Every structure is written in C-alpha cells, then in structure tokens.
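Remarks on the overall topology
Residue strings, one per chain:
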Amino acid sequence: MSANDVVISGMSGRFPLSDTTDQLARNLYDGVDMVTEDDTRWPTGLYGMNSRFGKIMEFNKFDTSFFGLPDQMVMEMEPQARMVLEVAYEAIVDSGTNPQDLRGSNTGVYVGHVSIPGSEGYPDAVQPDSATSMTRIGYKTFGNVKCLLANRISFALDLHGPSMTVDTACSSASSAIIMALNDLILGKVDSAVVCGSHMVFEPYVLHLQQELGMCSRRGVCSALDVDADGYVKGEAVCAVYMQRRHRARRVYAHLITARMSNDGHKREGMYYPSSEAQERLMVDTYTEANVDPAALTYFETHGAGTK
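My aim in this report is to walk through the structure given alongside it, one point at a time. Computed from a prediction, not measured in an experiment: that's the story for all the values here.

Thresholds, definitions, all that
Residues numbered from 1 in each chain as written. Predicted model: local features only at pLDDT ≥ 70, side-chain atom pairs only at ≥ 80, totals over all residues. Heavy atoms only, no water. Phe/Tyr/Trp six-rings, centres within 6.5 Å; stacked < 30°, edge-to-face > 60°. Buried < 20%, exposed > 50% of the residue type's maximum accessible area, 1.4 Å probe, protein only. Helix = DSSP H or I, 4+ residues; strand = E, 2+ residues; numbered from the N terminus. Axes fitted to C-alpha atoms, helices over the stretch in contact; angles between N-to-C directions. Parallel < 35°, antiparallel > 145°, perpendicular 65-115°, else oblique. Left-handed = near helix turned anticlockwise from the far one by under 90°. Contact = heavy atoms within 4.5 Å. Salt bridge = Lys/Arg side-chain N within 4 Å of Asp/Glu carboxyl O.

Turning our attention to the packing of aromatic side chains. This model, assessed by the stated rule, comprises six aromatic pairs. Judged by centre distance (5.2 Å) and plane angle (10°), the ring pair of Phe62 and Phe67 falls under stacked. Each member of the pair, Phe62 as well as Phe67, is classed as buried. With a centroid separation of 5.0 Å and an interplanar angle of 80°, the aromatic rings of Phe66 and Tyr89 are classed as edge-to-face. Taken as a pair, Phe66 in helix H2 (residues 64-67) and Tyr89 in helix H4 (residues 79-94) lie far apart in primary sequence, 23 residues in all.

Leave glycine aside and you will find that most residues have negative phi; peptide bonds, for their part, are mostly trans. Notably, Ala169 is not glycine yet its phi reads approximately 60°, a positive angle. With relative accessibility at 39%, the residue Ala169 sits in the partly exposed group. Even without being glycine, Asn290 reaches a positive phi, approximately 60°. With respect to the helices and strands, Asn290 occurs in the segment after helix H9 (275-289). Accessibility expressed as a relative area gives 72% for Asn290, which makes it exposed.

Okay, the packing of H4 against helix H6 (residues 148-157) next. Orientation of H4 relative to H6, taken along the N-to-C sense of each, is 50°, at an axis distance of 10 Å. In terms of their interaxial angle, H4 and H6 are classed as oblique. H6 is crossed by H4, and the crossing has right-handed handedness. Each of Ala81, Val84, Leu85, Ala88, Tyr89 and Ile92 in H4 lies in contact with H6, whose residues at this interface are Leu149, Arg152, Ile153, Ala156 and Leu157.

What follows is about the pattern of salt bridges. Overall, the coordinates contain 11 salt bridges when judged by the stated rule. Close ionic contact of Arg250 with Asp94 constitutes a salt bridge, the shortest N to O distance being 2.8 Å. Of this pair, Arg250 sits in the loop between strand E5 (236-244) and strand E6 (253-255) while Asp94 is found in helix H4, placing the two residues 156 residues apart along the sequence. Given the relative accessible area of 36%, Arg250 is considered partly exposed. One salt-bridge network, held together by shared partners, links Arg14, Glu86 and Glu90.

Below is the structure:
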C-alpha cells in the first residue's frame, strides 16, 4: 500500500426504512425486509401493478439557512436535490474532515443519477406577464434540473474541482465513482465527493417497467434464479468521500482500480447485455489491478432480476 492510495474515508445515506448507513446495516443483519407495499406514494393496486418496492420514508425536512439556499427555491426542489446536499455534507464529516476546511479546495463532486422522461409530470405553463409565475417556474426549473445536482453541492460547500451529474442508467453511480477515482489518480483533484441518487414519485415509472418485464410483477427479486421475472426497485440517496490515504483519518475501503466499457453494436439489439463484453471488462480490470479473482471472498453485483 502507498500513502497516495485512494480510499473511501467517509460515507452517508438514506435508504428504505433506514435514515443512516448504520441503520441500514442493522436492518440487513436483523433480516428486516425493507421492501414494503403501502399507500405512502400512491394507492395500492393502482393500474393493477404490484406496489412493493424499497422506499425512503423520511424526506420532508431540510435546513435551508444551513446550506444558504433561498426558501422559495427549496420549496420547489424535489427531495433528492435537497438530500444529496445533506448526505454529501455528512460523508465529509464522517471522514473526520470539517467541511469548512474544504472551502476553496480542489475537491470534485460527481453525482450519479438517471433521468427518466415523462416521470415528473407536466410543468406549469409560463406566464411571462406575471412576475410571480416567472419566479416560481424559474425556481422550479432550476431547482430540479438534474445537471445542477452536483453543482449545488459545489456551490453550497464552495468546492472548486470538477462538478458533474453522470447519467449512464443503472450504472450511473458506478460511473461517477470511476470518474472520481481517475481524477484522483491523475492528480486532477485533491479529494472527491461521489453521490448516487434514485427515488420514485410517479407511478408511471414502476407501472411501465413492470409492463415491460423489467420489474417483477410479483414484487420479489429472485436474482440469478430460474424464477426471476425482473428486479424490485429500491431507493437510495447516498454519498462517499474519497481522498488519498496519507490524508485520511478513517479508511472504509481502498480503491485499487475501476474501469468501464460499452458493448458496442450487438445483433441482439442495443438493450441486450453482452456477457462476452462484460467478461472482457472483468479480465482487463483484474489484470490491471493484479488481483486474482479466485482469491476474492465477497462480490457486490448488479442484479438485474434476469434468469
């Protein structure tokens, strides 16, 4: 190990039935089923779909003055836009770092978030002759535009490194981690805040994905099983703080290497995953890291709920 190794030194998050990472761990160890069916988002049985999915329950509290944002803007912001600010701040604190000490620093912010067209309803019509209408719609638009998820963190904490929202669908947060790691390795940033965020507030999303066979109609995720009929949606708004080892007061994990690729053109179609391309990427990654996969004892994988 080297003093310049990249490590995860802080983390924070909101998860189904879990307001902190510690509470999530306790629920996992206690075998709590965090996938629930209730009417907290919409009536159960709506459109004949299975309403089971993992929901964040607490998302209606935010300290506007603490982050220096106008009350009018915060009232129009979606919960995720507020919560990424909270978890980013908490992840830095969890590392033993005072966020005030990072003001003006070359700290990058990378947020993984997938946008789904048609999932947020229709906006109000613009009334250019009404100052109230223009102000409200302006705050609503810029308070919810996804490219500003990262920029708002950089603004609130005065971070001067790269600031971007990454959308590569299901792999958005992983792609954000890869971009942050590469910038750290290349010396382009001194530290990095990486967030991942996904919440569902419109039944359209779950309904469509169940009808397409992407999400389980039973509301049960049987990953890698013959009974698999799709995955079950689960929400999370979470963050990690990454820095070099010699500056870290706490080390959750060492990041050795990370790579991404694309399948390119496939005869089966654009949406069909290529196991051959994934195998090539894994071989390249293990080779670069000089790690024997047979020596590993724990894997976290993307379980798509396919057979």
